[in-house]
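# Structural description and commentary
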Amino acid sequence: MLDFGRYVAGPYCATLLGYLGADVIRVERRDGGEDRYIAPITAQGEGGVFLQTGSNKKSMTLDPTKPGSREVLRRLVASADVVVANLPPASLQSMGLDYAALCAIRPDIVLATQSAFGDGGPYRERGGFDGIGQAMSGAMYITGTPAAPAKAAAPYVDYSTAVLAAFGTLAALMHRQRTGEGQEVQTTLLGTALAVFGSHLIEQGVTGRNRIGTGNLVQTSSPSDVFATRDGHVLVHVVGNGLFRRWARLMGDAARWLDDPHFASDASRGDHSAPIIERMRAWCAERTSAEAIAELERAGLPAGEVYTPQRALDDPQVAAMGFLRSISDYPGLPRPAPVPDLPVKLTRTPGGIHTRPPTLGEHTDEILAALGFGAAEIAALREQAIV
């Protein structure tokens with residue numbers, strides 16, 4: 001598999017497939033891809049994004065804009081089952097990575113692309129990032145308030161797009177196994193964002209309700225919000241009549257809530273949430289976060305303490321799940337990096353991190369030699385600044 005990805009959606013798609021056993025070659029510019037240097041943590045400036053998306057890969061450098069690169073690219077594609085490239089359609093064509101060009105080299109190739117808006121429509125040539133998807137799907141508007149739309153800090157559009165691209169790639173490989181046919185797998189940031197925010201869009205399209213943003217307050221059930229405690233905050237999410245009955249009993253005045261027709265369903269509780277939220281705020285304010293979580297847990301109510309990133313790293317459940325792997329052998333790391341592993345457990349074919357992320361171009365000579373280039377040819381490619 002060839003990873004021509006940039007930033008997150010493409011590289012993480014290839015990472016997920018590498019976790020499942022694919023042999024991934026990351027092909028970068030000679031000075032490195034943009035995602036290699038986001039949120040730097042090493043002495044050389046590599047960042048947290050690359051540490052998450054680089055494991056299990058080999059790295060080679062290549063400048064595909066130079067004429068002398070085409071034979072290298074041809075041999076790479078001929079040796080690959082899948083090409084991953086999150087680039088605009090025009091960039092794919094200029095680099096010889098569009099589906100037609102790849103098929104001319106290997107007819108059964110699977111091309112997995114990730115773009116902001118796809119290859120059709122008025123925005124096809126626009127670039128984009130995770131936040132653009134959050135903004136244009138309506139999610140930012142509802143997440144924040146009318147005066148201050150809010151973007152989620154976690155780039156869920158990027159990572160969800162990567163997951164969908166990997167999902168589509170696996171389906172394409174299954175189809176090829178049956179028929180011998182390759183295909184292009186297209187994913188978009190806006191398409192992903194619309195899918196994740198879909199229930200809100202469905203409600204708007206059918207009812208025309210025009211909800212406005214209410215921050216952390218969920219509008220379709222209650223109590224579902226973030227509440228201050230004596231020493232922090234907890235998130236409580238009560239959905240469904242069964243959980244609401246448990247909540248009412250925990251509050252100690254169940255009849256008040258269970259006999260009022262305004263609180264008979266999630267929808268009506270969401271529409272008349274003010275007294276429920278006021279009661280929950282008062283209850284949480286009398287307790288520490290640990291006390292509130294303990295009582296909510298005993299009552300069978302879903303809740304979680306609002307952690308700092310360090311608290312998340314230190315939590316015993318996180319440790320027990322084993323989904324953070326300590327990477328200590330990457331050059332220039334001042335201390336081990338807790339890198340998220342494959343968040344899926346397979347009982348017969350367990351995957352995940354096997355090798356650290358590669359340094360820039362670490363395997364260039366090895367890969368070129370495997371493609372049949374001799375030592376003199378490799379030296380010439382380097383002299384011409386192609387690799």
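Heads up: these notes are all about the structure in this document.

Each value, and the rule that gives it
- Residues numbered from 1 in each chain as written.
- Predicted model: local features only at pLDDT ≥ 70, side-chain atom pairs only at ≥ 80, totals over all residues.
- Heavy atoms only, no water.
- Pairing = 2+ DSSP bridges.
- Helix = DSSP H or I, 4+ residues; strand = E, 2+ residues; numbered from the N terminus.
- Axes fitted to C-alpha atoms, helices over the stretch in contact; angles between N-to-C directions.
- Parallel < 35°, antiparallel > 145°, perpendicular 65-115°, else oblique.
- Left-handed = near helix turned anticlockwise from the far one by under 90°.
- Contact = heavy atoms within 4.5 Å.
- Core = buried A, V, L, I, M, F, W, Y, C linked by side-chain atoms within 4.5 Å.
- Buried < 20%, exposed > 50% of the residue type's maximum accessible area, 1.4 Å probe, protein only.
- Phe/Tyr/Trp six-rings, centres within 6.5 Å; stacked < 30°, edge-to-face > 60°.
- Polar contact = N/O pair within 3.5 Å; in protein donor to acceptor, adjacent residues only side chain to side chain.
- Patch = residues over 30% accessible without salt bridge, like charges linked within 9 Å, V, L, I, M, F, W, Y side chains within 5 Å.
- Areas by Shrake-Rupley, 256 points an atom, 1.4 Å probe, with all protein chains shown as cover.
- Salt bridge = Lys/Arg side-chain N within 4 Å of Asp/Glu carboxyl O.
- Arc of directions from axis to C-beta.

## Examining the sheet that holds strand β1 (residues 2–3)
Strand order across the open sheet formed by 6 strands is β3-β2-β1-β4-β5-β6, with parallel pairing between neighbours. With one partner strand each, in any of the chains shown, β3 (57–61) and β6 (183–188) form the two edges of the open sheet. Of the strand pairs in this sheet, strand β5 (residues 110–115) and β6 are connected by 6 bridges, and their pairing is parallel. Bridge pairing in β6 links Leu111 to Glu184.

## A word on the packing of helix α11 (residues 241–251) against helix α14 (residues 274–285)
At a minimum axis distance of 11 Å, the contact between α11 and α14 shows a crossing angle of 50°. By the angle class used here, α11 and α14 are oblique. At the point where α11 passes α14, the crossing takes the left-handed sense. From α11, Phe244, Trp247, Leu250 and Met251 reach across to α14, where they touch Ile276, Arg279, Met280 and Trp283.

## Description of the nonpolar core
One finds Met1, Cys13 and Val84 to be the most contacted residues of the largest nonpolar core, which totals 29 residues. Elements supplying a minimum of two residues to this core: α1 (9–19), α2 (48–53), β4 (82–85), β5, α8 (156–179) and β11 (337–340). Here the element with the most residues in this core is α1; it accounts for 6 residues. Residues contacting Val84, with those up to four places away along its chain left out, are Met1, Leu2, Asp3, Phe4, Gly5, Gly10, Cys13, Ala14, Ala112 and Gln114. Membership of the second largest hydrophobic core comes to 28 residues, among which are Phe4, Val27, Val83 and Val387.

## As for the packing of aromatic side chains
Tallied over the full model, the rule gives 7 aromatic pairs. Where Trp247 meets Trp257, the ring centres are 5.2 Å apart and the plane angle is 65°; that geometry is what we call edge-to-face. Here Trp247 is found in helix α11, whereas its partner Trp257 is found in helix α12 (residues 254–258), with 10 residues between them in sequence. For the residue pair Trp247 and Trp257, the accessibility class agrees, reading buried in each case.

## Some points on the pairing of β11
Taking every second residue as pointing to the same face, the buried face of β11 carries Ala337 and Val339, while none of Pro338 and Pro340 on the other face is buried. For strand β10 (residues 324–327) and β11, the ladder comprises 4 bridges, and the chain directions are antiparallel. Paired with Arg325 across the strands is Val339, a residue of β11.

## Focus: unusual backbone geometry
With an omega dihedral of 0°, the bond running from Ser222 to Pro223 counts as a cis peptide bond. Position of Pro223 among the secondary structure elements: in the loop between α10 (198–207) and β7 (224–228). At Asn210, a position not held by glycine, the phi torsion is positive, near 60°. You can see Asn210 is positioned in the loop between α10 and β7. By relative accessible area, Asn210 is classed as exposed at 55%.

## Comments concerning the environment of Arg382
Residue placement: Arg382 occurs in helix α19 (residues 375–383). Since its relative accessible area comes to 38%, Arg382 is described here as partly exposed. In the structure, Arg382 is positioned 321 residues away from Thr61 in sequence and 9.9 Å away in space, judged by C-alpha atoms. Apart from residues lying up to four places away in sequence, Arg382 is in contact with Thr364, Asp365 and Val387. A polar atom in the side chain of Arg382 sits 2.8 Å from the side chain of Asp365.

## Points about the environment of Glu71
If you trace the backbone, Glu71 turns up in helix α3 (residues 70–78). Among the polar contacts listed, one links the side chain of Glu71 to the side chain of Arg75, at a separation of 2.8 Å.

## Points about a nonpolar patch on the surface
Among the surface-exposed residues, Leu20, Leu170, Val344 and Leu346 lie close enough to one another that they form a single nonpolar patch of about 310 Å² accessible area. When you line up the elements, Leu20 lands in the loop between α1 and β2 (24–28).

## A few points about helix α9 (residues 189–196)
The periodicity of an α-helix, 3.6 residues per turn, causes residues three or four places apart in sequence to face the same way. Here α9 has its buried residues at Leu189, Leu190, Thr192 and Ala193. The buried side chains of α9 occupy one side of the element, clustering within an arc of 160° when seen end-on. At its buried positions, α9 is contacted by α1, β5, α6 (130–136), α8 and β6. The backbone nitrogen of Gly191 has a side-chain oxygen 2.9 Å away, supplied by the residue at the start of α9, namely Thr188.

Structural measurements only, silent on function.
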